[in-house]
Amino acid sequence: MYTQAMDTMAREGGAKLEKVLRPEEQALQDRFDARIDAGDFIEAKDWMPDNYRKTLLRQISQHAHSEIVGMLPEGNWISRAPTLKRKAILLAKVQDEGGHGLYLYAAAETLGTSRDQMIDALHSGKAKYSSIFNYPTLTWADIGTIGWLVDGAAIMNQVPICRCSFAPYARAMIRICREESFHQRQGYDSLLTMMRDGTDAQRAMVQDAVNRWWWPCLMMFGPPDDQSPNSAQGMRWGIKRVSNDTLRQKFVDATVQQAQVLGVTLPDPDLKWNEERQHWDFGAIDWSEFWRVVGGDGPCNRERLAMRVAAWEEGAWVREAALAHARKQSMKEAA
Ligand code: FAQ
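Everything quoted here is computed from the prediction, not taken from an experiment.

Trainee: Please provide a residue-by-residue account of the environment of phenylalanine 166, values included.
Mentor: Among the structural elements, phenylalanine 166 can be located in the loop between α6 (140-158) and α7 (167-197). A sequence separation of 66 residues divides phenylalanine 166 from histidine 100, and the C-alpha atoms of the two residues are 17 Å apart. Ignoring any residue separated from it by four or fewer positions in sequence, one finds phenylalanine 166 in contact with Ile42, Glu43, Ala44, Met48, Tyr52, Leu56, Ile60, Ala107, Thr110 and Leu111.

Shown next, in the form of structure tokens:
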């Protein structure tokens, strides 16, 4: 049985008391719980507890914002890509990220929040987006490294969401994951070219980029399980399928060998194969840095938000023109 953990009321003295549901609400709740137990998908029009809806909206809108803000660090390099081929690939990738944001906003809209409301929450600083996009892209090697490590981490986190209990989110994720795989491969390929055919300076540039992105990528998976307030309920509801720490470990295990093939060193002196655990041990993550970045004080938080707000304002005429066109069309049809 799934309890409404966020639906509890504080009793005098601090103990928690479960909200008492009316019999008809209880019946709906029991049916919902049974469907979750059975691994059923929940559709947008199905009955769902308020907090299930809120949790989904929180996660899906944050995810959508991450895709849209995530276009900025890479978009910065479109005009400076070293060859026409790399420029075309990067353009396609950045457009894909925009598309992912749109699928996700559409999935969140099915839960009753408009895109304008979500975008407003992003622009006013109320809504979060992934910490990773608050780091700068200093060289061309950062672009390959984002593909390899950031998209690699994103895939690790997102494949389990293809089985999320909320069907519109799960459906969006299937397509997104396919595209993310191409993103990861193109990043790895770009780095491999620099490591194998490049100059010493290019190889040093790749190593420098890996040194800067490695730890922030491990932070992408979120706080440790015992400090993750949303995990228990998210997992009980089948929104989250695998825990933050388990995904982080899977990512480290998958990446170590790829780094060896590439010929780069992951910047962690404590990285060691643990025969007993059959996993790679890794060093301590600086969680104070993570919370600082999530709290708005990372290297590029202000710049990213300012860019999004400026793009929104500068694009107002396009939205107005599209609405005017739609109005004209419907008047013509009516006539
Ligand atoms: N950054 O209790 P938990 C991509 C927040 S897409 C910022 O563990 P939860 C594609 C969390 O929201 C990358 N905040 O939370 C791409 C919560 O705060 P709240 C985005 C973070 O939800 C590639 C608080 O900390 N992917 O990369 C972060 O159970 C290249 C406590 O945490 C997704 O959004 C963080 N890293 O688990 C695009 C995937 N981690 O909301 C362009 C879907 C945690 O209570 C270029 N999301 N927080 O105020 C998820 O899987 C989950 O939401 C987690 C967090 C795992 C991110």
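Trainee: Can you lay out the layout of surface pockets for me, pointing to particular residues and giving the numbers?
Mentor: Rolled over the atoms, a probe sized like a water molecule indicates the empty space that remains. In this structure, the largest pocket spans a volume of roughly 1,100 Å³. What lines the largest pocket is a set of 43 residues, and nearest its centre among them are Gln62, Ser130, Asn157, Met220 and Gly222. With seven residues, the top contributor of residues to the lining of the largest pocket is α6. The residue makeup of the lining of the largest pocket, split by class, is 20 nonpolar, 13 polar and ten charged.

Trainee: An account of the pattern of salt bridges is needed here, citing residue identities and associated values.
Mentor: Within this structure, the stated rule accounts for 18 salt bridges. Across the salt bridge formed by glutamate 43 and arginine 171, the nearest N and O atoms sit 3.0 Å from each other. With glutamate 43 in the loop between α1 (23-37) and α2 (50-69) and arginine 171 in helix α7, this pair connects stretches of sequence that are 128 residues apart. Classification of glutamate 43 by relative accessible area gives partly exposed; the value is 31%. A relative accessible area of 49% means that arginine 171 is categorised as partly exposed. Connected through salt bridges with shared partners, the residues Glu74, Lys93, Glu97 and Asp151 form a single ionic network.

Trainee: Could you give me a rundown of the site of the ligand, with the residues and numbers involved?
Mentor: Lining the immediate surroundings of the ligand are 36 residues, of which Arg58, Gln62, Lys128, Ser228 and Lys240 lie closest. Contacts to the ligand include asparagine 230, whose backbone N or O atom sits 2.9 Å from an oxygen atom. Out of a free accessible area of 1,100 Å², the ligand has 92% covered by protein chains. Here the ligand is seated within the largest pocket. Counting only elements with at least two residues in the shell around the ligand, the list comes to α2, α4 (84-109), α6, α7 and α11 (287-297). Top contributing element to the shell around the ligand by residue count: α2, with six residues.

Calculation rules
- Residues numbered from 1 in each chain as written.
- Predicted model: local features only at pLDDT ≥ 70, side-chain atom pairs only at ≥ 80, totals over all residues.
- Heavy atoms only, no water.
- Helix = DSSP H or I, 4+ residues; strand = E, 2+ residues; numbered from the N terminus.
- Contact = heavy atoms within 4.5 Å.
- 1 Å grid on protein atoms, 1.4 Å probe; cavity = no way out; pocket = protein on both sides within 12 Å on 5 of 7 lines; lining within 4 Å.
- Points joined across faces, edges and corners; volume = space filled by probe spheres on them.
- Nonpolar A, V, L, I, M, F, W, Y, C, P; charged D, E, K, R; others polar.
- Salt bridge = Lys/Arg side-chain N within 4 Å of Asp/Glu carboxyl O.
- Buried < 20%, exposed > 50% of the residue type's maximum accessible area, 1.4 Å probe, protein only.
- Near = heavy atom within 4 Å.
- Polar contact = N/O pair within 3.5 Å; in protein donor to acceptor, adjacent residues only side chain to side chain.
- Areas by Shrake-Rupley, 256 points an atom, 1.4 Å probe, with all protein chains shown as cover.
- Sits in = over half its atoms within 2 Å of the grid points.

Any functional reading would require information beyond the geometric quantities listed.
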